[in-house]
Amino acid sequence: MNILLTGATGFIGSSVLPRLLDEGHAVTALVRDADKAAIVESAGARALIGDASDASLVESAARDSDGVIHLASGKEVDAVLVPAVLTGLAGTGKSFVHTGGIWTYGSNDDIGEDSPVAPPALTAWRGAGETLVREAEDVRGIVVVPSIVYGYGKGLANVIVDAPRGEGTTPALRLIGDGSQHWATVHVDDLAALYVLALEHGTAGATYIGAGGQNPTVRELGETAAQAAGIAGGVVAEPVDESRSRLGESLADALLLDQQARGTTARIDLGWEPNGPSLLEELLVGSYAPARV
């Protein structure tokens with residue numbers, strides 16, 4: 001199939017693009033400039049230079065495709081792109097795999113696709129676009145919900161790794177709040193596999209949570225990062241108001257959510273088998289660990 005892909009040069013897209021190509025799909029990557037075009041072309045895709053908020057361009061590109069995966073999700077972009085893709089694919093029954101976000105479910109110790117939603121302010125905008133995709137009657141609309149994505153030294157794990165270390169003879173790595181909150185996590189390569197499975201085999205109107213099943217606490221993550229970096233004082237809790245001041249109120253409130261998820265529906269319905277290293281392993285000896293001389 002010829003797949004229209006947005007966000008191909010981003011963190012998630014850099015794993016989804018080669019996965020699509022390895023599965024035998026042709027890819028047209030919508031990119032913003034010539035530099036990004038060179039990146040996707042060197043990977044084996046065809047570049048389409050343009051703006052994801054150009055409705056006519058997106059509609060035409062979607063119509064010419066055999067399916068769409070949208071990774072470059074954002075409030076302003078989605079308001080234009082989602083309706084344009086649905087118009088371009090109208091009446092075809094082709095797949096449109098859209099990107100949601102785990103924070104939509106708020107704090108919950110067993111998040112499933114049908115769990116109540118309670119999004120923080122940072123991601124409250126997502127619901128409208130997700131509903132449009134799931135309720136499309138003549139398009140196979142699917143929503144993939146990534147949990148906190150990690151791998152290759154990128155993503156939100158760096159909020160832990162790069163946290164302030166304090167001063168004195170026993171410096172300590174600052175947590176986000178007291179660190180008791182869990183993070184649902186997924187390795188980026190496992191998530192890429194889920195996007196492709198959803199494209200190929202997902203059910204119209206379905207949501208699939210991309211969670212590898214590892215739900216460490218922020219304290220566990222911080223302690224592991226501190227151990228890897230040889231930080232003598234380990235970790236120290238941070239008052240919530242200080243976390244909000246340091247990270248910004250909206251992001252801190254999202255990172256303070258206590259979330260656990262297993263990704264069971266994707267495993268059962270799509271045969272998804274996440275097997276990447278855990279975030280704790282990556283922090284200790286993997287891509288986030290300090291370079292060893």
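Up top you'll find the structure we're talking about.
Calculation criteria
Residues numbered from 1 in each chain as written. Predicted model: local features only at pLDDT ≥ 70, side-chain atom pairs only at ≥ 80, totals over all residues. Heavy atoms only, no water. 1 Å grid on protein atoms, 1.4 Å probe; cavity = no way out; pocket = protein on both sides within 12 Å on 5 of 7 lines; lining within 4 Å. Points joined across faces, edges and corners; volume = space filled by probe spheres on them. Helix = DSSP H or I, 4+ residues; strand = E, 2+ residues; numbered from the N terminus. Nonpolar A, V, L, I, M, F, W, Y, C, P; charged D, E, K, R; others polar. Buried < 20%, exposed > 50% of the residue type's maximum accessible area, 1.4 Å probe, protein only. Pairing = 2+ DSSP bridges. Right-handed = clockwise from strand over helix to strand, strands pointing away. Salt bridge = Lys/Arg side-chain N within 4 Å of Asp/Glu carboxyl O. Contact = heavy atoms within 4.5 Å. Expected span 1.5 Å × (residues − 1). Core = buried A, V, L, I, M, F, W, Y, C linked by side-chain atoms within 4.5 Å.

Engineer: Explain the layout of surface pockets here, please?
Structural biologist: Gaps between atoms show up when a probe of the same size as a water molecule is rolled over them. Approximately 790 Å³ is the volume found for the largest pocket. What lines the largest pocket is a set of 34 residues, among which Ile12, Leu71, Ala72, Ser73 and Arg126 lie closest to the centre. Within the residue set of the lining of the largest pocket, elements represented by two or more residues are strand E2 (26-31) and strand E8 (148-151). What the second largest pocket holds in volume is close to 160 Å³. Together, 15 residues line the second largest pocket, and Thr104, Val117, Gly127, Glu130 and Arg134 are the ones closest to its centre. Ranked by the residues each element gives to the lining of the second largest pocket, the list is headed by helix H5 (residues 126-134), at four residues. By residue class, the composition of the lining of the second largest pocket is five nonpolar, six polar and four charged.

Engineer: In this structure, what is going on with the pairing of strand E5 (residues 95-99)? I would like to understand it.
Structural biologist: Note on strand geometry: in a regular strand, side chains alternate between the two faces of the sheet. Most of E5 sits inside the fold, with five of its five residues counted as buried. The pairing of strand E4 (residues 67-70) with E5 spans three bridges and is parallel. Residue pairing in the sheet places Gly67 in a bridge with Ser95 of E5. Handedness of the crossover joining E4 and E5 through helix H4 (residues 75-89) is recorded here as right-handed.

Engineer: I would appreciate a short explanation of the pattern of salt bridges in the present structure.
Structural biologist: A side chain with one charge can pair with a side chain of the opposite charge if their charged atoms come near. Applying the stated criterion to the full structure yields eight salt bridges. Between Arg174 and Glu242 there is a salt bridge; the shortest N-O distance is 2.7 Å. Remark: Glu242 occurs in helix H9 (residues 240-247) and Arg174 occurs in strand E10 (residues 173-174); sequence separation between them is 68 residues. Owing to a relative accessible area of 36%, Glu242 belongs among the partly exposed residues under this scheme. Measuring nitrogen to oxygen at the nearest pair gives 2.9 Å for the salt bridge that ties Asp253 to Arg244. On the basis of relative accessible area, Arg244 is assigned to the partly exposed category, the value being 30%.

Engineer: For this particular structure, what's the right way to read empty space enclosed by the protein?
Structural biologist: Applying the stated criterion to the full structure yields one cavity of 30 Å³ or more. Residue composition of the lining of the largest cavity, grouped by class: eight nonpolar, two polar and no charged.

Engineer: Even after reading the chapter, I still don't get the environment of Leu48, so can you show me in this structure?
Structural biologist: Among the secondary structure elements, Leu48 is positioned in strand E3 (residues 46-49). Residue classification places Leu48 among the buried residues on the basis of a relative accessible area of 18%. In this structure, the C-alpha to C-alpha distance between Leu48 and Ser95, residues 47 residues apart in sequence, is 20 Å. Every residue in contact with Leu48, bar those within four places of it in the chain, is listed here: Thr28, Ala29, Leu30, Val31, Leu57 and Ala61.

Engineer: How do you make sense of H4 when you look at a structure like this?
Structural biologist: An α-helical segment advances 3.6 residues per turn. Residues three or four places apart therefore align on the same side. For H4, with 15 residues, the first-to-last C-alpha span of 21 Å sits near the 21 Å given by 1.5 Å per residue. All of the buried residues along H4 are Asp78, Leu81, Val82, Ala84, Val85, Leu86, Gly88 and Leu89. Buried residues in H4 make contact with strand E1 (2-6), helix H3 (55-63), E4, E5 and H5.

Engineer: Any chance you could explain the nonpolar core here in plain terms?
Structural biologist: Nonpolar side chains in soluble globular proteins generally cluster together in the buried interior. In this structure, Val85, Phe96, Ile102, Ile160, Leu173, Trp183 and Ile209 are the most contacted members of the largest nonpolar core, which totals 51 residues. Here this core gets six residues from one element, more than from any other, and that element is H4. Setting aside its immediate chain neighbours within four residues, Ile102 contacts Ile111, Val145, Pro146, Ser147, Ile148, Ala184, Ile209, Gln259 and Ala261. Core analysis: the next-biggest nonpolar cluster, separate from the first, contains 36 residues, Ala47, Leu191, Val196 and Ala198 among them.

Just distances and angles here, no functional claims.
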